[in-house]
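# Architecture at a glance
Given next are the chains, with one letter for each unit.
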Amino acid sequence: MEQPVQQGPSLVRGLSLLDSVMLMVGGIIGSGIFLTAGQIASAVHKPLYFLGVWLVGGLISLLACFAFAEMAAMYPEAGGQYVYLREAYGEFPAFLYGWMIFTVGQSGTIAALAVGFAEYFGAILPFASAHQPVFTLLGWTLTRGHLVSTSAIVLLTIINILGLKRGSALVNAATWAKFAAVGIFVLLGLAIGKGSWSNYAVSLPLDQPASLSHVISGFGVALIAVFWAFDGWVYITWVAGEIKNPQKVLPRAMLLGILLVGVLYMSVSVVYLYALPITQVANETTIAQAAAAALFSSNAAKWLGATIALSCFGAASSAILCSARVTYAMARDGAFFHAMGKVHPKYRTPALSLVLISAWSIVLALSGSYDQLYTYVMFMMILSYVAGVAALFVLRRKRPDVARPYLCTGYPYLPALYLLMAGAWALNSVYTRPKETLIGIGIVFLGAPFYAFWRWQLKRNPKELQQFE
């Protein structure tokens, strides 16, 4: 007689509404709002359009949140969007999404945030200067920045392994500190800063007369940076298996989080243009520091650099915590390394998933290839959100009997509007950047042989998943 397979330890539902909002906001606000203004200004030319593109990007993200909130309440499980895609389209499309998240989407984000932290940390403390070489081997140079970024990923991984509440507490503390620093920057900048509202009357000169198609195209290009700055709103769905009363908390957390981030981004953008004319904004790569120096002094710019370092650190922690839940869900479906689906018996966290995604992120950070890879896959990230919102329509037809504690606001019109707007953006990206989009598609479909291998393994040993049931 066969012995029953003992079920292993499970994840703990320990995140409150406040924890969930902080996790979502902390994951979204990384370095994007502090670095992307120059690209956006160059694309849109006018101050009004500069503010408008942030508003449009936030509203488009909010439309997606309405749709995802319904599915999050339907399937409050670890993995979030991976689960919605699996239920709507089947295992293979869901796997390709998870593969993208692991190989580039989130590992690249973690690497970029860790490197950004090292850059600003080194600017504050000269002994940790990011570009100071340590040694060179076979043409590759290890720098102090590499040591700082790697150490940051390792430290954050250990904290997240040691328990959900520890990881959540770190994100909460970093997010509250971000709120305080940005709030001071906005309030003091407008109250006593040496800016000028006349900057709003200045526009970038155009090479040719402006036309509607030119404005729309510029908006489309600017939205790439804006979507990147808002990216991370989906994180909270990935940890749905660890949220208390998820059917109620998840929709509220998603909507509150995206609204909070939108207000913050708009406020900071208003201050940027108050501090500097758009002609100067377009030429700045570190816009937040340039604005702080113009409003206050060079010492204030250094203080803001510390804020950006903290922002990157907190966002990296949120990304590590949430991303591991996707590979965990894939493993429990037999579509990834089997060990990644196990929960640590003491700390009740997906420890091996945390270690694996962090280890790959370190490889990308040390190689320096994360930035280019993420550029390639950004198109596919947005396409995955389009597929996610479309999944709402599929599930309404395919799973009409599943309980829906939250119903998508404005269905079917608002999610259809999202599909129209995001789909138009995706087509514009294919037209304007065909090379990047094709490489992004190629990176995602490189996962197909791995999917075939893991499914073959599962057929050979079908009892492999019984301990997860």
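A brief report on the enclosed structure follows. (Residues numbered from 1 in each chain as written. Predicted model: local features only at pLDDT ≥ 70, side-chain atom pairs only at ≥ 80, totals over all residues. Heavy atoms only, no water.)

### Describing the overall build of the protein
Worth spelling out the cut-off: Only DSSP runs of H or I covering at least 4 residues are called helices, and only runs of E covering at least 2 are called strands; the numbering of each starts at the N terminus. With the radius of gyration taken over C-alpha atoms, the globule rule is written as 2.2 Å times the number of residues to the power 0.38. The contact rule is simple, with two residues in contact once any of their heavy atoms fall within 4.5 Å. In this tally, Lys and Arg are treated as positive and Asp and Glu as negative; His is ignored, and so are the chain termini. To locate a charge, take atom NZ for lysine, CZ for arginine, CG for aspartate or CD for glutamate.
Of regular secondary structure, the protein possesses 19 helices and two strands. Here the protein has a C-alpha radius of gyration of 22 Å; the compact-globule value for 469 residues is 23 Å, and the two agree. With respect to the three principal axes, the spread of C-alpha positions in the protein is 80 × 55 × 45 Å. Partitioning the intrachain contacts of the protein with sequence separation of at least 6 by distance along the chain shows that 81% fall at a separation of at least 24. Between the averaged position of the 28 positive side-chain charges in the protein and that of its 17 negative side-chain charges there is a distance of 5 Å.

### Description of the environment of Ile382
This is how the line gets drawn: Buried means the residue's accessible area, taken with a 1.4 Å probe over protein chains only, is under 20% of the maximum for its type, while exposed means over 50%, and partly exposed covers the values in between.
Turning to its location among the elements, Ile382 is positioned in helix α16 (residues 370-398). On the accessibility criterion, Ile382 (3% relative accessible area) is buried. In this structure the C-alpha to C-alpha distance between Ile382 and Gly410, which are 28 residues apart in sequence, comes to 21 Å. Not counting residues within four places of it along the chain, the set of residues in contact with Ile382 comprises Phe227, Tyr418 and Trp425.

### A look at the packing of helix α4 (residues 47-74) against helix α11 (residues 246-275)
Each pair of packed helices can be described by the angle between their axes along with the distance between the axes. Heads up, the rule is: Orientation is described by lines fitted to C-alpha atoms, with helices fitted over the stretch in contact, and by angles between N-to-C directions that extend from 0 to 180 degrees. Roughly parallel means an angle under 35 degrees; roughly antiparallel means over 145; roughly perpendicular covers 65 to 115; every other angle is labelled oblique. Polar here means any residue outside two lists: the nonpolar Ala, Val, Leu, Ile, Met, Phe, Trp, Tyr, Cys and Pro, and the charged Asp, Glu, Lys and Arg; Gly therefore counts as polar.
Across the interface, α4 lies against α11 with an axial gap of 9 Å and an inter-helix angle of 175°. As judged from the angle between their axes, α4 and α11 are roughly antiparallel. A class-by-class count of the residues in the contact of α4 with α11 yields 22 nonpolar, three polar and no charged.

### Overview of helix α18 (residues 434-445)
Rules: Take the number of residues in a helix, subtract one, and multiply by 1.5 Å to get its expected span. Taking the helix axis as origin, the arc is that swept by the directions to the C-beta atoms.
Its twelve residues place the ends of α18 17 Å apart at the C-alpha level, agreeing with the 16 Å of an ideal helix rising 1.5 Å per residue. Those residues of α18 not exposed but buried are Thr437, Gly440, Ile443 and Val444. Along the axis of α18, the buried residues cluster in a sector spanning 120°; they form a single face. Summarising the geometry of α18, the exposed residues directed more than 90 degrees from the buried face are Lys435 and Leu438.

### Digging into empty space enclosed by the protein
Put simply, the test is: A pocket, in this scheme, is an open set of points on a 1 Å grid over the protein atoms alone with protein on both sides within 12 Å along at least 5 of 7 lines, while a cavity is a set where a 1.4 Å probe fits but cannot get out; residues line either one if an atom lies within 4 Å of a point. Grid points are joined across faces, edges and corners, and a volume is the space filled by probe spheres set on the points.
In total, this model carries three cavities of 30 Å³ or more according to the counting rule given. Lining the largest cavity we find 13 residues, and of these Ile28, Thr109, Leu113, Trp228 and Asp231 sit closest to its centre. Those elements giving two or more residues to the lining of the largest cavity turn out to be α1 (17-28), α6 (91-124) and α9 (212-230). By residue number, the principal contributor to the lining of the largest cavity is α6, which donates three residues. Grouping the constituent residues of the lining of the largest cavity by class yields seven nonpolar, five polar and one charged.

### Remarks on the packing of helix α13 (residues 287-295) against helix α14 (residues 298-332)
The following threshold applies: By definition, any crossing whose near helix is turned counterclockwise from its far helix by less than a right angle is left-handed, and any crossing with a clockwise turn is right-handed.
Orientation of α13 relative to α14, taken along the N-to-C sense of each, is 150°, at an axis distance of 7 Å. In terms of axis orientation, α13 runs roughly antiparallel to α14. Crossing geometry of α13 relative to α14 is assigned as right-handed. The residues of α14 that touch α13, namely those facing Ala288, Gln289, Ala292 and Ala293, are Ser298, Ala300, Ala301, Leu304, Gly305 and Ile308.

### Thoughts on the side chain of His45
Residue position: His45 is located in the loop between α3 (37-44) and α4. By relative accessible area, which is 16% here, His45 ends up buried. Leave out the neighbours within four places in its chain, and His45 touches Ser203, Leu204, Pro205, Leu206, His214 and Ile278.

### Description of the packing of aromatic side chains
Put simply, the rule reads: Two rings from Phe, Tyr or Trp (for Trp, the six-membered ring) form a pair when their centres are within 6.5 Å of each other. A pair whose planes differ by under 30 degrees is stacked, one over 60 is edge-to-face, and the rest are tilted. Two thresholds decide whether a charge sits over a ring: the Lys NZ or Arg CZ must be within 6 Å of the ring centre and within 35 degrees of the ring normal.
The final tally for this structure, using the stated rule, is 26 aromatic pairs. Consider the rings of Trp54 and Tyr265, whose centres lie 5.3 Å apart with planes at 65°: the pair is edge-to-face. Taken together, the positions of Trp54 in helix α4 and Tyr265 in helix α11 put the pair 211 residues apart, joining distant regions of the chain. Accessibility classification places Trp54 together with Tyr265 in one group, the buried group. Pairing Phe68 with Tyr84 gives two aromatic rings, centres 6.0 Å apart and planes at 75°, and the pair type is edge-to-face. In this pair, Phe68 sits in helix α4 while Tyr84 sits in helix α5 (residues 81-89), placing the two residues 16 residues apart along the sequence. Looking at Phe68, the relative accessible area reads 0%, which means it is buried. Accessibility expressed as a relative area gives 0% for Tyr84, which makes it buried. Site record: aromatic cluster; members linked through ring pairs are Phe92, Phe95, Trp99, Phe102, Phe336, Phe337, Phe450, Tyr451 and Trp454. Its guanidinium or amino end placed over the ring of Tyr411, Arg396 lies 3.8 Å from that ring's centre, counting from NZ or CZ.

### Some details on the nonpolar core
How we decide: Nine residue types can take part in a nonpolar core, namely buried Ala, Val, Leu, Ile, Met, Phe, Trp, Tyr and Cys, and a core is a set of them joined through side-chain atoms within 4.5 Å.
Core analysis: the largest hydrophobic core is formed by 156 residues, its most contacted members being Phe50, Trp54, Phe185, Trp233, Tyr265 and Tyr272. Those residues in contact with Phe185, other than ones at most four positions away along the chain, are Val268, Val271, Tyr272, Ala291, Ala292, Leu295, Phe296 and Leu304.

### A few points about the pattern of salt bridges
We apply this condition: Here, a salt bridge means any Lys or Arg side-chain nitrogen found within 4 Å of an Asp or Glu carboxyl oxygen.
By the definition in use, this model includes nine salt bridges. When the shortest N-O distance is used, the salt bridge between Glu87 and Arg86 registers 3.0 Å. The exposure class assigned to Glu87 is buried, which follows from its relative accessible area of 15%. Via salt bridges that share partners, Glu77, Arg86, Glu87, Asp333 and Arg399 belong to a single interconnected network.

These results come straight from atomic positions and should not be treated as a statement about function.
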